[in-house]
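The residues making up each chain are set out below.
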Amino acid sequence: MDRHDGRDRHDGRDAHDRRDAHDRRDGPAQSAWRIHGMSVEGYRHRRDGIPCQDAWHSAVVGPPDAAVVVLAVADGAGSRPHSGQGARFAVQLATSHFGQRAEVRPQSADAVHALLLDAFKDVREEFVSRTDGDPDDFAATLTVVVLAPTWLGHLSVGDGFVVLRSGAEGGERLFHLLPQPDAVSEYSNETVFLTSPDAEHWVHTECVCDEGIDGVLLSTDGLTQAALSRSAGRPRGANASFASAVLRSLDAPGPDPHADDLALAELLRSDRLTAFNADDKTLLRAVRP
Amino acid sequence: MRHDRARSRTVRTEYEDIEFENNAQRLPLVLCLDTSSSMSGPPIQTLNEALREWARELHDDVSLSHSVDVAVVTFGQQGVSTWKGSRQLPPQSPDSPFVPAHAFRPPQLFAEGVTLMTEALELAMWIVSARKTELRRSGLQYYRPQICLVTDGLPTDGTGHLTDNWKRVVPVLAAEQQARHFRLYAIGVGGITPRGEEVLQAFAPKFNARLNGFPFRQLLQMMSASATAEQKGAGDEVFEKIFSQFKTQRPAWES
């Protein structure tokens, strides 16, 4: 499903034996961002021999001097028969439609919010029209980040999340969890999907203008407990220890990309992360020097 | 491959230093067990053995062991009691009876006394509600709790006489289940009478069963299967399927 001029990237996880992500760190010259994504199946799916139902995708669009990076992660609903396929389709549509919409170069925060919502409607419309049978059978959450030269746009439906690295205090880098959509239920395993009838009402958008952002992390809910810090009541924050470690390893990759992938996969599949959450796990990172 | 994995551990030691909070998603699970005198002899022995076996299985499940919190409520000896693992809590104890599954040690139960089933269910609902409040205060996320009522008899009052006081809890249970505050399983075992079965049907219209003998092991395995389905975000139809297969006493949820 590669498109545009070959700068588009996706995880191609259809084959069961391709469990680890493909390396992205020699990214396209047009983007200053180094991008890397990985989805691994959770403990339950691994035990039951069920493929991962998470997906991620990234794309770089626009002219070389004003490249826009689109990052997307999705989590297929565990109770739906084709949700893994739905998650892969959702992230591909997202990078395509958000990329196209971002090329208009919005001039205000309001215009960014409008652009994000329009792109979401495009994605939803095409998703529903192109899924065979009941679109709910392909239900997936969707979290998107658009990295433009002067702004960062974020749209999320469901329980994915985004952490930004920007600024420092006392020599320590600071990490910021972007606001998430309101919870739809008291239970952590119930959420809204791209295909939910009222999805547009649950969509959350953000526009951030901060040139100091040099690290972005997107994830599905499988890493919520590891990557976020709890507090009595909202808002929660980022677990700086986790965000710092996983962004630093992309800032300064080792000599062997394959070994780096194995190390990250080992972390995501580790018992200590499984103990927090047995779901599939996805980590899509972008850093720039 | 073995070589690569070993190498990756040494190359990427920074991941080993990540600090995590103890914030796994929680799944409160209450066993509400009849330990009245009718359970004495082989039934209570079977129950104790099944609890020990189940505890071992929970410990071995990487996911359930860290997310399921087990509390035990008994009705029989000394009226209604809560147990924090193997320790019986004193009445009105402020201590939470929930124990993480990886640390759960089953109680040694004895069968004696009357069948305060209504009071036990009310206590089970109360501890579930208190647990949710506690989890929310701690900023912890949770799944829908599960309560499993197991009995071989009919509700009695404190003097051992049959009573209709169970009817007072039926509308409460209906509203609580409608609001999805927990899943209730009501299981009749041994020689439970048709009237006893009617009580269980009133408590849990969807998830009630009358089983031959005392298949506690299968029952506890069904609770684990239900907990696993909850973690997967399964739809109601999956829970109904698990329960229906359990009712026929086939371990088909393993398929």
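Keep in mind it's a predicted model, so treat the numbers as computed, not measured.

Conventions we followed
Residues numbered from 1 in each chain as written. Chains lettered and ligands numbered in written order. Predicted model: local features only at pLDDT ≥ 70, side-chain atom pairs only at ≥ 80, totals over all residues. Helix = DSSP H or I, 4+ residues; strand = E, 2+ residues; numbered from the N terminus. Buried ≥ 20, exposed ≤ 12 C-beta atoms within 10 Å, placed from the backbone. pLDDT = per-residue confidence, 0-100. Contact = placed C-beta atoms within 7 Å. Pairing = 2+ DSSP bridges. Nonpolar A, V, L, I, M, F, W, Y, C, P; charged D, E, K, R; others polar. Axes fitted to C-alpha atoms, helices over the stretch in contact; angles between N-to-C directions. Parallel < 35°, antiparallel > 145°, perpendicular 65-115°, else oblique. Left-handed = near helix turned anticlockwise from the far one by under 90°.

Turning our eyes to something else, we now look at the overall build of chain A. The helix and strand tally for chain A stands at 8 helices and 13 strands. Each of the 289 residues in chain A was classed as buried or not, and the buried ones make up 54%.

All right, on to the confidence of the model for chain B then. All names here are of chain B. Looking at chain B as a whole, the pLDDT averages 88, with 92% of positions reaching at least 70. The low-confidence segment residues 1-11, where pLDDT is below 50, has 12 contacts with residues more than four positions distant or belonging to other chains. Across residues 251-255, where pLDDT falls below 50, the model places 8 contacts with residues more than four positions away in sequence or in other chains.

Residues and elements named next belong to chain A. The buried fraction of strand β5 (residues 140-147) amounts to 8 of the 8 residues, a majority that puts the element mostly inside the structure. Here β5 shows no split at all, with A140, L142, V144 and V146 on one side and T141, T143, V145 and L147 on the other all buried. Direction of pairing for strand β4 (residues 68-76) relative to β5: antiparallel, over a ladder of 8 bridges. Residue pairing in the sheet places A74 in a bridge with L142 of β5. Bridge analysis of β5 against strand β6 (residues 152-157) gives 6 bridges, and the strand direction is antiparallel. Each residue of the ladder has a partner; that of L142, found in β6, is V157. Hairpin geometry of β5 and β6 is characterised by an intervening segment of 4 residues between the two adjacent antiparallel strands.

Another point: the interface of chain B and chain A. Between chain B and chain A, the residue contacts involve 34 residues of the former and 36 residues of the latter. Mapped onto the side of chain B that touches chain A, the elements with two or more residues apiece are α1 (2-11), α3 (62-67) and α7 (216-232) of chain B. Looking at which element gives the most residues to the side of chain B that touches chain A, the answer is α1(B), with 5 residues. A class-by-class count of the residues in the side of chain B that touches chain A yields 11 nonpolar, 12 polar and 11 charged.

For the rest of this paragraph, the subject is the confidence of the model for chain A. Taken as a whole, chain A shows an average pLDDT of 85; of its residues, 88% reach a score of 70 or greater. Here residues 1-8 of chain A scores under 50 on pLDDT; set against residues more than four positions off or in separate chains, the count is 13 contacts.

With that out of the way, let us pick up the environment of S79(A). Following the sequence through the fold, S79(A) ends up in the loop between β4 and α2 (83-102). By C-beta crowding, S79(A) is classed as partly exposed, having 18 other C-beta atoms within 10 Å. Spatially, the C-alpha atoms of S79(A) and F138(A) are 9.9 Å apart, while their sequence positions differ by 59 residues. The residues contacting S79(A), other than those within four sequence positions of it, are G233(B), A234(B), G235(B) and V238(B).

So, on to the packing of α7(B) against helix α8 (residues 236-247) of chain B. Residues and elements named next belong to chain B. Two elements in contact, α7 and α8, have axes whose closest approach is 10 Å; the angle formed by their N-to-C orientations is 170°. As summarised for this structure, α7 and α8 are arranged roughly antiparallel, according to the angle between their axes. For the crossing formed where α7 meets α8, the hand is right-handed. Across from Q218, M222, A225, S226 and A229 in α7, the residues of α8 making contact are V238, F239, I242 and F246. A per-class count over the contact of α7 with α8 returns 7 nonpolar, 2 polar and no charged.

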